[in-house]
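Secondary and tertiary structure notes
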Amino acid sequence: EQLDGVVFPSLLESFSVTPLEALASCKPLFASDRLFVTDVCGIHAQYFDPLLPETGVNAILRWFEETDAVEQEFRLASAYDYYLSLPRSIDRTNSYIELISKIISENESDSPR
C-alpha cells in the first residue's frame, strides 16, 4: 500500500511476475518497452526505453504530473480488471493437461496395432 508505483526497467527476456503484481496491486507500472513486457501487460503500463533513463523519468513525470486523478483511477481499475481476466495457474495447468492428452491420443491413433 505504501508504493507510489512500480519501476520495471528489465532487459532480461524471461517472465517475471513483477509487472503482474503491479497490476494486481492497482499501482502504476513503469516498464521496459520490450515485447516480453508489452505482450503481457498490453496498454496497462507506462512504457519507456530501459537503455535511456530519461525516458523512464519522463514516463513517471507524465503519470504523476500530467495525468489527473480521475484518469489515473480509471487506468488502474482497467489494469486490475485486465489482470483478473488473465488465466490463473489452474487454468494454465488444465490447458497443459488437455494438450498432453491430445498429443497422447493422437500418438495412440497413429501407432500401428
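Each chain has its residues counted from 1, following the order in which its sequence is written. Since the coordinates come from a predicted model, pLDDT governs what is reported: local features require at least 70, and pairs of side-chain atoms require 80 or more to be given and counted, while whole-chain, interface and lining totals use all residues. Working from all heavy atoms in the structure, the side-chain values ignore hydrogens and water.

**Section: the overall build of the protein**
- In terms of helices and strands, the protein carries five helices and three strands.
- Helix and strand definitions here come from DSSP, where helices need a minimum of 4 consecutive H or I residues and strands a minimum of 2 consecutive E residues; each element is numbered from the N-terminal end. Listing every helix and strand of the protein by position from the N terminus yields β-α-β-α-β-α-α-α.
- It is over C-alpha atoms that the radius of gyration is taken, and the globule rule equals 2.2 Å times the number of residues to the power 0.38. The globule rule puts the C-alpha radius of gyration for 113 residues at 13 Å, and the 19 Å found for the protein is more than 25% above it.
- Only protein chains enter the calculation, and the probe is 1.4 Å; a residue is then buried if its accessible area is under 20% of its type maximum, exposed if over 50%, and partly exposed in between. Across the 113 residues of the protein, 26% fall into the buried class.
- Taking all contacts inside the protein whose residues are at least 6 apart in sequence as the whole, residues at least 24 apart take part in 44%. Note on contacts: a residue pair qualifies if any of its non-hydrogen atoms lie within 4.5 Å across the two residues.

**So, the pattern of salt bridges**
- Here a salt bridge means any side-chain nitrogen of Lys or Arg lying within 4 Å of a carboxyl oxygen belonging to Asp or Glu. Enumeration over the complete set of coordinates arrives at three salt bridges.
- A salt bridge links Asp91 to Arg88; its shortest N-O distance comes to 3.5 Å.
- Judged by its relative accessible area of 54%, Arg88 is exposed.

**A word on helix H3 (residues 53-66)**
- Take the residue count of a helix, subtract one, and multiply by 1.5 Å to get its expected span. Over its 14 residues, H3 extends 19 Å from the first C-alpha to the last, a length consistent with the 20 Å expected when each residue adds 1.5 Å.
- Every buried residue of H3 is listed here: Gly56, Ala59 and Trp63. One face of H3 carries all of its buried residues, which in axial projection span an arc of 60°. Residues Pro53, Glu65 and Glu66 are exposed on H3 and point more than 90 degrees away from its buried face. Throughout, the arc means the angular range of directions from the helix axis out to the C-beta atoms.

**Quick notes on helix H4 (residues 69-85)**
- Over its 17 residues, H4 extends 24 Å from the first C-alpha to the last, a length consistent with the 24 Å expected when each residue adds 1.5 Å.
- Looking at the buried positions of H4, the neighbouring elements they touch are helix H1 (18-24) and H3.
- Side-chain atoms alone can form a polar contact between residues adjacent in sequence; in general such a contact is a pair of N or O atoms within 3.5 Å, and within protein one must be able to donate a hydrogen while the other accepts it. Capping the start of H4 is the job of one residue whose side-chain oxygen sits 3.0 Å from the backbone nitrogen of Val70: Asp68.

**Points about the environment of Leu52**
- When you line up the elements, Leu52 lands in the loop between strand S3 (46-48) and H3.
- Taking C-alpha positions, Leu52 is 10.0 Å from Pro9, a pair spaced 43 residues apart along the chain.

**Some words on the side chain of Ser10**
- With respect to the helices and strands, the residue Ser10 is situated in the loop between strand S1 (6-8) and H1.
- The class for Ser10 is buried, based on a relative accessible area of 16%.

**Regarding the sheet that holds S3**
- Strand pairing requires that DSSP identify at least two bridges connecting the strands. Read from one edge to the other, the open sheet built from three strands follows the order S1-S2-S3, with strand pairing classed as parallel. The open sheet is flanked by S1 and S3, the only strands paired with a single partner. Looking at each pair of strands side by side, their axes are set apart by 15° on average, direction ignored.
- Judged from the three bridges that link them, strand S2 (residues 29-32) and S3 form a sheet pairing that is parallel. Bridged to Ala31 within S3 is Tyr47.
- Axis lines are fitted to C-alpha atoms, over the contacting stretch for helices. Their N-to-C directions set the angle, which ranges from 0 to 180 degrees. Packing against the sheet, H3 makes contact with S1, S2 and S3, and its axis sits at approximately 160° to S3.

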